[in-house]
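Topology and contacts: notes
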Amino acid sequence: ASMLGKNLKWRANFPLRIWYGMDPFDFFFACKEKYGDVFTFILLGRRVTVCLGTKGNEFILNGKLKDVNAEEIYTGLTTPVFGEGVVYDCPNAKLMEQKKFVKFGLTMEAFQSYVDLISSETQSFVAKGKPFHGDSGTIDIVPAMAELTIYTASRSLQGPEVRAKFDSTFADLYHDLDMGFSPINFMLSWFPLPHNRKRDIAQKKMADTYMEIIKARRAAGGKRDKGEEDMIWNLMACVYKDGTPVPDKEVAHMMIALLMAGQHSSSSTSSWILLRLATRPDIQEELLDEQKRVLGEDLPPLTYDNLQKLTLNAKVVKETLRIHAPIHSILRKVKSPLTIVANTPEATNTYQIPTTHTLMSAPGVTSREPEFFPEPMKWEPHRWDEGHPLAYTRLGTDQEEFEDYGYGMISKGASSPYLPFGAGRHRCIGEQFAYVQLGTVLATMVRHVKFRQIEGKQLVPTDYSSLFSRPMAPAVVEFEKRKS
Ligand code: HEM
């Protein structure tokens, strides 16, 4: 309670909501310096208690079901976008079953077929896509990567029918649906604002489209061709523990959820990868050399197996997610009174967190701390090499803990200061897919294009105004296609 008193006084001097909204990391680090790892502020009328540090990450992300709750916080925003009966519009046990279905659909065979599809989409985008017009020029990275991410995700995970629709009707529907994710909808999700009306129409049309695809597949005999490994096929065959097959409507809604979950996170990350590479031509050459050395001078087609051998390629993705994780804040509703012990600059305090509060976790803070990552704001993929002067100080020592949340043994792993995919029961199931998608796009790009910062320009800052962090538009760099 004393904490709250302090914060409320302090709030009189600073427009906290605006500060948090403009640069959450600036805000978190300033509060940390003043108050320590645990503090409360008011956001959109709610008392939000932030818990930082590896202990704070653990406290929130591995919180017990009876203590912390995700669906009550997220459902207002997500249910109108995804549709009913899935993710946060159902009890947690059902979400755990749905996550298991998705996870089991992301098989080795699926990934093997995806690498080929994703690299061919990327190649044709570089060769024929509008943003890459000509042999060299400038490119606005954010819209270009948003477009490519839709093509690669739909061609692989979503399946050929959805990919074909993205050349026409789906792009507009997707855009309207996406408007449902504006932050104002944390408060006004149900309100018939124009963007919410459009969202609702788009959700229905999109769900109907998925259901038509499912029906057509069944009508054609319900058998997939060999090598056809998309998620619709997988979910159509899944059965809940109580014996109910997943209804078509829920398959449709889960497919929308996967589309939305994957789109922002991957397109923002791939944008940052290219923007960072534009500042480091040396790394681009090293990546190409790695491919020549490991796969052969003639650069054979990428496969899932040879992608695993490109270690620098993976470290570029990993390092980009350290500084540019697309999800900067994770929220939970407090369900029973909680106690956490944390250090302030002066003392060790015990805080009681009442059920009227919302918890906020921001693992991006620990991944920016010099204690774990020397010169934390320096983007350096080689810091993941053993023995590098900037090496992660706990490299090889993080104890991974696993627990079965009902969808396989999942890494709790919240003791690590590096958690771009979260931890615990709500941990991301898209990590491997994201690594396949981002790794393939990156490896294909470096074969065909070079990127350069425009002379005199700096790396763009981060835009935190949507719910995801992404590069501030316009983020323009130079490109030059390699002669093949
Ligand atoms: C959950 C990050 C890609 C599907 C999460 C969470 C994070 C995250 C931090 C935890 C949220 C929470 O605890 O509240 C990322 C990043 C990605 C990525 C950094 C890419 C770079 C994907 C993709 C998919 C996906 C491609 C789908 C194929 C999900 C799902 C959840 C999740 C279904 C579970 C939500 C829950 O259990 O509450 N992701 N994600 N993600 N993500 Fe991802």
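Residue indices follow the written sequence of each chain, beginning from 1 at its first position. Owing to the predicted nature of the model, reporting of local features is limited to residues with pLDDT of at least 70; listing and counting of side-chain atom pairs is limited to 80 or more, with chain, interface and lining totals taken over all residues. Heavy atoms throughout the structure, all of them, feed into the side-chain values; hydrogens and water do not.

1. Some remarks on the overall build of the protein
Worth spelling out the cut-off: Here a strand is any run of E in DSSP of at least two residues, a helix any run of H or I of at least four, and the numbering for each starts at the N terminus. Atoms considered for the radius of gyration are the C-alpha atoms alone. The globule rule reads 2.2 Å times the number of residues to the power 0.38. Accessibility here uses a 1.4 Å probe with only protein chains present; expressed as a share of the type maximum, an area under 20% marks a residue as buried, one over 50% as exposed, and anything in between as partly exposed. Note on contacts: a residue pair qualifies if any of its non-hydrogen atoms lie within 4.5 Å across the two residues. Here, Shrake-Rupley sampling with a 1.4 Å probe gives the accessible areas, and only protein chains in the shown set may cover a residue. Positive residues here are Lys and Arg, negative ones are Asp and Glu, while His and the chain termini are left out of the count. By convention, charge coordinates are those of NZ in Lys, CZ in Arg, CG in Asp, or CD in Glu.
Counting its regular elements, the protein contains 18 helices and 14 strands. On C-alpha atoms alone, the protein measures out to a radius of gyration of 23 Å, which is about the 23 Å that the 2.2 N^0.38 rule sets for 484 residues. For the protein, the C-alpha atoms occupy an extent of roughly 65 × 55 × 45 Å along the three principal directions. Here the protein holds 484 residues, and 56% of them are scored as buried. Across the protein, contacts joining residues at least 24 apart in sequence account for 70% of those joining residues at least 6 apart. Surface exposure of the protein reaches about 21500 Å², of which carbon and sulfur atoms provide 55%. Measuring between centres, the 59 positive side-chain charges of the protein sit 4 Å from its 58 negative side-chain charges.

2. Describing the pairing of strand S2 (residues 46-51)
The cut-off we apply is this: Only strands that DSSP links by at least two bridges are regarded as paired with each other.
Sheet topology places strand S1 (residues 38-43) next to S2; 6 bridges connect them, and they run antiparallel. Looking at S2, one finds that Phe41 is bridged to Val48. Hairpin connection of S1 to S2: 2 residues between the antiparallel strands, including Leu44 at a positive phi of 45°. Of the strand pairs in this sheet, S2 and strand S8 (residues 358-361) are connected by 4 bridges, and their pairing is parallel. In the strand pairing of S8, Val50 is matched with Met360.

3. Details of the site of the ligand
The line we're drawing: By convention in this text, a residue qualifies as near a molecule or strand provided that one of its non-hydrogen atoms is within 4 Å of it. Under the rule applied, a polar contact is a pair of N or O atoms within 3.5 Å (in protein, one hydrogen donor and one hydrogen acceptor; residues adjacent in sequence only if both atoms are side-chain atoms). When residues are sorted by character, Ala, Val, Leu, Ile, Met, Phe, Trp, Tyr, Cys and Pro go into the nonpolar class, Asp, Glu, Lys and Arg into the charged class, and all the rest, Gly among them, into the polar class.
Looking at the ligand, there are 24 residues lining it, with Tyr88, Lys99, Arg332, His426 and Cys428 nearest. Separating an oxygen atom of the ligand from a side-chain N or O atom of Lys99 is a distance of 2.6 Å. Between the ligand and His426, the relevant distance is 2.6 Å, taken from an oxygen atom to a side-chain nitrogen or oxygen of the residue. Every element with two or more residues in the shell around the ligand is listed here: helix H6 (92-105), helix H14 (248-279), strand S5 (330-334) and helix H18 (431-448). A total of 5 residues in the shell around the ligand trace back to one element, the largest contributor, which is H14. Taken together, the residues of the shell around the ligand sort by class into 16 nonpolar, 6 polar and 2 charged.

4. Observations concerning the nonpolar core
Defined as follows: The term nonpolar core refers to a set of buried residues drawn from Ala, Val, Leu, Ile, Met, Phe, Trp, Tyr and Cys, joined through side-chain atoms within 4.5 Å.
Counting residues in hydrophobic clusters, the biggest one holds 128 residues, and the most contacted among them are Phe28, Tyr210, Met445 and Phe451. Looking at this core, the element that brings in the most residues is H14, giving 15 residues. Each residue touching Met445, except ones within four places of it in the same chain, is listed here: Thr122, Val126, Phe132, Met145, Leu148, Leu274 and Phe451.

5. Some points on the packing of H6 against H14
The line we're drawing: All axes are obtained by fitting lines to C-alpha atoms, using only the stretch in contact for helices, and the reported angles, taken between N-to-C directions, cover 0 to 180 degrees. When describing relative orientation, an angle under 35 degrees is termed roughly parallel and one over 145 degrees roughly antiparallel, while 65 to 115 degrees is termed roughly perpendicular and anything else oblique.
Closest axis-to-axis distance for the H6/H14 pair is 12 Å, and the angle between their directions is 75°. Taken together, H6 and H14 sit at an angle that is classed as roughly perpendicular. Note on element contacts: H14 touches H6 through Glu250, Met254 and Leu258, opposite Lys94, Gln98 and Val102. Among the residues forming the contact of H6 with H14, the class breakdown is 3 nonpolar, 1 polar and 2 charged.

6. Let's talk about the sheet that holds S8
In spatial order, the strands read S1-S2-S8-S5-S3; together these 5 strands make up an open sheet with mixed pairing. A strand with exactly one partner marks an edge of an open sheet, and here the two such strands are S1 and strand S3 (68-69). Each of S2, S3, S5 and S8 touches helix H4 (residues 53-61); the most contacted strand, S8, lies at about 130° to it. Taken strand by strand, helix H5 (residues 71-82) contacts S2, S3, S5 and S8, and its axis lies near 120° from that of S5.

7. What to know about the environment of Cys428
Relative to the helices and strands, Cys428 resides in the loop between strand S10 (409-411) and H18. With 329 residues separating them along the chain, Cys428 and Lys99 place their C-alpha atoms 9.1 Å apart.

8. What about the pattern of salt bridges?
The test is simple: Salt bridges are defined as contacts in which a side-chain nitrogen from Lys or Arg sits within 4 Å of a carboxyl oxygen from Asp or Glu.
Across all of its chains, the model carries 20 salt bridges by this definition. Here Lys32 makes a salt bridge to Glu369, at a shortest N to O gap of 3.1 Å. Remark: Glu369 occurs in the loop between S8 and strand S9 (402-404) and Lys32 occurs in helix H3 (residues 24-35); sequence separation between them is 337 residues. Using a relative accessible area of 22% as the deciding quantity, one classes Lys32 as partly exposed. Overall, the relative accessible area of 8% leaves Glu369 in the buried class. Note that Arg218 and Asp248 form a salt bridge whose closest N and O atoms lie 3.2 Å from each other. With Arg218 in helix H12 (residues 194-219) and Asp248 in helix H14, this residue pair connects regions lying 30 residues apart in the sequence. Three or more residues are tied together by salt bridges with common partners; here these are Lys32, Asp37 and Glu369.

9. Let's talk about the environment of Glu286
Within the fold, Glu286 resides in helix H15 (residues 281-295). Residues Glu286 and Asn313 lie 27 residues apart in sequence; the distance between their C-alpha atoms is 9.3 Å. Not counting residues within four places of it along the chain, the set of residues in contact with Glu286 comprises Leu312 and His382.

10. Some points on the confidence of the model for the protein
Stated precisely, the cut-off is as follows: The pLDDT score gives, residue by residue, the confidence of the prediction method on a 0 to 100 scale.
Here the protein averages 91 in pLDDT, while 94% of its residues score no lower than 70. Confidence over residues 1-13 falls short of pLDDT 50; this stretch has 21 contacts with residues more than four positions distant or in other chains.

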